[in-house]
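Now for the letters of each chain:
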Amino acid sequence: MKTLKEAKIGQTVRVIKLQGEGAVKRRIMDMGITKGVEVYVRKVAPLGDPVEVTVRGYELSLRKADAEMIEVE
């Protein structure tokens, strides 16, 4: 499975599944990243952390560790 961390700049992907447990998964869902939502990858920092994405019409920065928990297609 491909994760959000592996998505290229300028690519739009759809969330298939969220990994993780408890508070971490809840925090990702509270940011608007849920199953089926489209995510546009805007920028990636030079060392890969953080990843800037657009979700549901707003910009969001995700840590690399959080982006690895989001499976996309």
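Structure: above.
Right, let's walk through the structure included here. Treat the numbers as computed from the prediction; the structure is a model and nothing was measured.

## Comments concerning the sheet that holds strand β3 (residues 38–44)
Consider a sheet: its strands pair through backbone hydrogen bonds, and that pairing is either parallel or antiparallel. Strand order across the open sheet formed by six strands is β1-β6-β2-β3-β4-β5, with antiparallel pairing between neighbours. Lying at the two open borders of the sheet, with one neighbouring strand each, are β1 (2–3) and β5 (58–62). In terms of strand pairing, strand β2 (residues 12–18) meets β3 through three bridges, oriented antiparallel. Directly across from R14, in β3, lies its bridge partner E38.

## Regarding unusual backbone geometry
Unlike most non-glycine residues, R56 shows phi in positive territory, near 50°. Its location among the elements puts R56 in the loop between β4 (51–55) and β5.

## Quick word on the nonpolar core
Within the largest apolar cluster, 19 residues are counted, with the highest numbers of intra-cluster contacts made by L4, I33, V39, V53, L62 and I70. Contributions of two or more residues to this core are made by β2, β3, β4, β5 and β6 (70–72). Sequence-distant contacts of L62, defined by excluding residues within four places in its chain, comprise L4, M31, I33, D49, P50, V51, V53 and I70.

## Quick notes on the pattern of salt bridges
A full pass over the atoms with the stated rule returns seven salt bridges. Among the salt bridges present, the one from D30 reaches R26, with a minimum N-O distance of 3.3 Å. Residue D30 and its partner R26 are located together in helix α1 (residues 22–30), separated by four residues, close to a single helical turn. Overall, D30 belongs to the exposed group, its relative accessible area being 55%. Residue classification places R26 among the partly exposed residues on the basis of a relative accessible area of 48%. Between E52 and R42 there is a salt bridge, and its shortest N-O distance comes to 2.5 Å. Here the residue E52 occupies a position in strand β4, and R42 occupies one in strand β3, the gap between them amounting to 10 residues. Judged by relative accessible area, R42 falls into the partly exposed class, the value being 32%. Overlapping salt bridges bring together R27, R63 and D66 as one network.

What counts and what doesn't
- Residues numbered from 1 in each chain as written.
- Predicted model: local features only at pLDDT ≥ 70, side-chain atom pairs only at ≥ 80, totals over all residues.
- Heavy atoms only, no water.
- Pairing = 2+ DSSP bridges.
- Helix = DSSP H or I, 4+ residues; strand = E, 2+ residues; numbered from the N terminus.
- Core = buried A, V, L, I, M, F, W, Y, C linked by side-chain atoms within 4.5 Å.
- Buried < 20%, exposed > 50% of the residue type's maximum accessible area, 1.4 Å probe, protein only.
- Contact = heavy atoms within 4.5 Å.
- Salt bridge = Lys/Arg side-chain N within 4 Å of Asp/Glu carboxyl O.

By themselves, these figures tell us nothing about what the structure is for.
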